[in-house]
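Notes for the structure review
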Amino acid sequence: ALFESPTSELLNTTYDFIIIGAGAGGAVMANRLTEDAGTKVLLIEAGGSDFMNQNISAPGLSSTLTHSKFDWNFTTTPQVGLNNRTVAYPRGFVLGGSTATNQMIFCRGTKDDWNRFANVSGDDGWSWENLIPFIFKVDNMTAPTDGHNTTGQFNPTIHNTSGVVDISVPGVSLAIDSRGLNASQELSQEFPFNLDYNSGDTIGFSWTQSTIHNGRRVTSATSYLTQAFNRSNLDILVNTRVTKLVPVGNYSGKPDMRGVQFAQSANGTVYTMQAAKEVILSAGSVKSPHILMLSGIGDASHLALFNITSLVDLPVIGTNLQDHVFLGNPWTVNANFTLDDVHRNATLAAEQLALWQANGTGFFGLPPTNQFNWLRTNSSVFSSLNTTDPSAGPTSANFELIISDNFASKRVALPATGRFVSMVTNVISPTSRGNISLASADPFDAPLVNPNLLGTDVDVAIMRSAIQAARNFMAAPAWADYIISEFGAFGEAQTDDELDAYIHDQSDTVDHPIGTIPMGTDGALEANLTLKGTVGLRVVDASAFPFIPSGHTQGPTYILAERAASLVRATLSN
Ligand SMILES: Cc1cc2nc3c(=O)[nH]c(=O)nc-3n(C[C@H](O)[C@H](O)[C@H](O)COP(=O)(O)OP(=O)(O)OC[C@H]3O[C@@H](n4cnc5c(N)ncnc54)[C@H](O)[C@@H]3O)c2cc1C
């Protein structure tokens, strides 16, 4: 049942598992653990239950979600690599978590990404080959909204049609799609066509796959939670923040962390409950380490600054924050229509929204991009900096080029006139490491968020190589009668020094933080995702990755959680 507040019925129930956070990680756990009718689960979510809100459901309205009531509204600390700018750091605050507010691109990660996790954790169960059954539990390939023939747009033999999360290739074709395809053929050496980037090898030019079905966004709430809503062994408590975990005992010197404290407002009643079996922390890469620190688990000297008594001294908690770097590079084009028209013209937007409301068609049902490139930086770039390739291996990209049928920038507003095509260049295998730390001991205060975007020269060099590749792609004959010129600051950035200045001035986040409670021998988590030095506590969300996947992070988080659920269920049948 769904609870808007903690009733005495809920407070007097004994739950086997208390799951904190209903995003990609937590929703999978809530669904899979309640498949066993004898297992009772409480899922606590800080945000509300309005996950079918139109702004969430319509892919084309996703830009309205940052700074909305569905956002935690975090802001970074001043970022040295961004000329000391602070940037918005959105995280989903609603059932579905960030899957309800993200840009819907669906990636699995690569063979090399997952094999590196297997290496670092010493558990071959995290290898690509061994995860395929879990990848299939997530994957549900559906027809695109417009029902077009998808031959040549993905490889059906590597997809499932009975997984939980609906995905599809783009449901509306754009005039630039054929140009993108032709450019990849004309320059096939540098931009080879890749039939399916979700094969474990992302490299090349591909059609995108997104968590969109019939033009509507698919989230962990519309998929995993909706499937489980009517189970009598699942209770979901919304509008409620876990403030900390509390020990309920001690086993061989380790605190038993099955106690959970929560409140509905900063001055509201604080409740405490205890899970009979385990607490599963799935509050995401910003809030999971924050909750642990508030509970006395983290770097003892940092916690002491806030008079928090140390329970487990684990300095790695909150460190190792990794994120992808975003930069929008626009060209003006010779076109009668681009998506800029929908963004500028309220009448057209209203017509398109009406179409979407009627049957999910039109531009509001589109993913943010129909096509992208995943590419590797030339190794000479790394050797000139006396370093080695930071990616997980040859199937993993160093950077991504997203083709957008509009003016794409997080820094500059859409100009009043002109039509655009943009290449969004993203550093996808970064070397920078940031951190989450406490600003105060008040659980209702935000933590300090420092993703350290572009914190190393290597990451700046990767971004430069990405911009060069974007320029090469747009110089293909396929674009010749379309492109007019590079626009604004992008066009002015030509020499390496100009490029570096432009990169530092204009870059932002792709909103993919991971790694703040990493698994691994040097990490905070055992390979089975239990927290070192404690009992009764597991972390199942994007903070568990030791390295950032070389793809967008919701898919890898779903996959991680599917295996985590199976590990937990195996302990129940023993
Ligand atoms: C703007 C944006 C765009 C993105 N674009 C993409 C994309 O296109 N493709 C992609 O693959 N990924 C994308 N991502 C990233 C992807 O959504 C995340 O990697 C993924 O959702 C992480 O899952 P998670 O379970 O770790 O955390 P989340 O999905 O963020 O879930 C955490 C949940 O925990 C809740 N919570 C936090 N603290 C508490 C507390 N104290 N008590 C109770 N509940 C709490 C939160 O409210 C939230 O619901 C994007 C993210 C954002 C924000």
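The numbering scheme is per chain: residues are counted from 1 as the chain's sequence reads. Whole-chain, interface and lining totals are the exception, using all residues; otherwise, since this is a predicted model, local features are given only for residues with pLDDT of at least 70 and side-chain atom pairs are given and counted only at 80 or more. With hydrogens and water excluded, all non-hydrogen atoms of the structure serve as input to the side-chain values.

Another point: the site of the ligand. Contacts to the ligand come from 39 residues, most closely from E45, S98, I105, T553 and Q554. We call two N or O atoms a polar contact when they sit within 3.5 Å, provided that within protein one can donate a hydrogen and the other can accept it, with sequence-adjacent residues counted only if both atoms are side-chain atoms. Contacts to the ligand include T553, whose side-chain N or O atom sits 2.7 Å from an oxygen atom. Per-residue and other accessible areas were derived by the Shrake-Rupley procedure at a 1.4 Å probe size, with only the shown protein chains allowed to occlude residues. Considering the ligand on its own, with 1,000 Å² of exposed area, one finds that the protein chains cover 98% of that surface. Only α2 (24-33), β12 (241-246), α8 (284-294) and α16 (554-573) provide two or more residues apiece to the shell around the ligand. Segments assigned H or I by DSSP are reported as helices when at least four residues long, segments assigned E as strands when at least two residues long, and all are numbered from the N terminus. The leading source of residues in the shell around the ligand is α8, at three residues. Classes in brief: Ala, Val, Leu, Ile, Met, Phe, Trp, Tyr, Cys and Pro nonpolar; Asp, Glu, Lys and Arg charged; the others, Gly included, polar. A breakdown of the residues in the shell around the ligand according to their chemical character gives 15 nonpolar, 18 polar and six charged. For this purpose, a residue is taken to be near a molecule or strand whenever a single non-hydrogen atom of the residue falls within 4 Å of it.

When the centres of two rings from Phe, Tyr and Trp lie within 6.5 Å, Trp using its six-membered ring, the rings pair. Their planes under 30 degrees apart give stacked, over 60 give edge-to-face, and anything left gives tilted. Per the counting criterion, the structure on display carries 22 aromatic pairs. With 5.8 Å between their ring centres and 90 degrees between their planes, F407 and F487 make a pair best called edge-to-face. One end of the pair, F407, is in the loop between β22 (399-404) and β23 (420-427); the other, F487, is in the loop between β26 (483-486) and α14 (488-492), with 80 residues separating them in the sequence. F407 sits in the buried class, given a relative accessible area of 10%. Pairwise contacts between aromatic rings join F191, F193, F205, F473, W479 and Y482 into one cluster. Only when the NZ of Lys or the CZ of Arg is both within 6 Å of the ring centre and within 35 degrees of the ring normal is a charge said to sit over the ring. The lysine or arginine in question, K410, covers the ring of F326, its NZ or CZ lying 5.1 Å from the ring centre. The ring of W126 carries the charged tip of R563 above its face, separated from the ring centre by 4.6 Å. The buried label applies to any residue whose accessible area, calculated with a 1.4 Å probe on protein chains only, is under 20% of its type's maximum; exposed applies above 50%, and partly exposed to all values in between.

What follows deals with the sheet that holds strand β11 (residues 234-237). The six strands are arranged β1-β11-β3-β2-β17-β28 in an open sheet whose pairing can be described as parallel. On the outer flanks of this sheet lie β1 (2-3) and β28 (537-539), each paired with one strand and no other. Here, a strand pair is defined by DSSP locating no fewer than two bridges between the strands. Both strand β2 (residues 17-20) and strand β3 (residues 41-44) contribute to a ladder of four bridges, which runs parallel. Residue pairing for β3: I18 is matched across the bridge by L42.

Let us look at the pattern of salt bridges. Definition used for salt bridges: Asp or Glu carboxyl oxygen within 4 Å of a side-chain nitrogen of Lys or Arg. According to the stated counting rule, one finds 17 salt bridges in the structure shown. R419 serves as the salt-bridge partner of D341, at 2.8 Å between the closest nitrogen and oxygen. Remark: R419 occurs in the loop between β22 and β23 and D341 occurs in helix α10 (residues 339-344); sequence separation between them is 78 residues. Residue R376 pairs with D389 through a salt bridge whose shortest N-O separation is 2.5 Å. Taken together, the residues span a long stretch of sequence, with R376 in the loop between β21 (371-375) and α12 (379-384) and D389 in the loop between α12 and β22 at a distance of 13 residues. In the salt-bridge network here, residues are joined through shared partners; they are R32, E35, D36, E562 and R569.

What follows covers helix α11 (residues 346-359). For a helix, the expected span equals 1.5 Å multiplied by the residue count minus one. With 14 residues, α11 ought to run about 20 Å at 1.5 Å a step, and its terminal C-alpha atoms sit 20 Å apart, in line with that. Lining the buried residues of α11 we find α3 (54-57), β10 (216-217) and α10. Where α11 begins, one side-chain oxygen reaches toward the backbone nitrogen of T347, 3.0 Å away; that side chain belongs to N345. Phi for G360, located one or two positions after α11, is positive at around 75 degrees. Note on definitions: a residue-residue contact is assigned when non-hydrogen atoms from the two residues lie within 4.5 Å.

General note: in soluble globular proteins, nonpolar side chains tend to be found buried as a group. In terms of nonpolar packing, the biggest core is built from 103 residues, with W126, L245 and L531 touching the most fellow members. If you tally residues by element for this core, the top one is α16, at seven residues. Ignoring sequence-local partners within four residues, the contact set of W126 consists of W114, F117, A118, S121, L131, M519, A527, L529, L560, R563 and L567. Remark: nonpolar core denotes a set of buried residues (Ala, Val, Leu, Ile, Met, Phe, Trp, Tyr, Cys) joined through side-chain atoms within 4.5 Å.

Attention now goes to the side chain of S220. Mapped onto the secondary structure, S220 falls in the loop between β10 and α7 (221-228). With relative accessibility at 0%, the residue S220 sits in the buried group. A polar atom in the side chain of S220 sits 3.4 Å from the backbone oxygen of A22. Within the structure, the side chain of S220 is placed 3.0 Å from the backbone oxygen of G23, a separation counted as a polar contact. Not counting residues within four places of it along the chain, the set of residues in contact with S220 comprises A22, G23, A24, A27, G96, T99, L225 and Y558.

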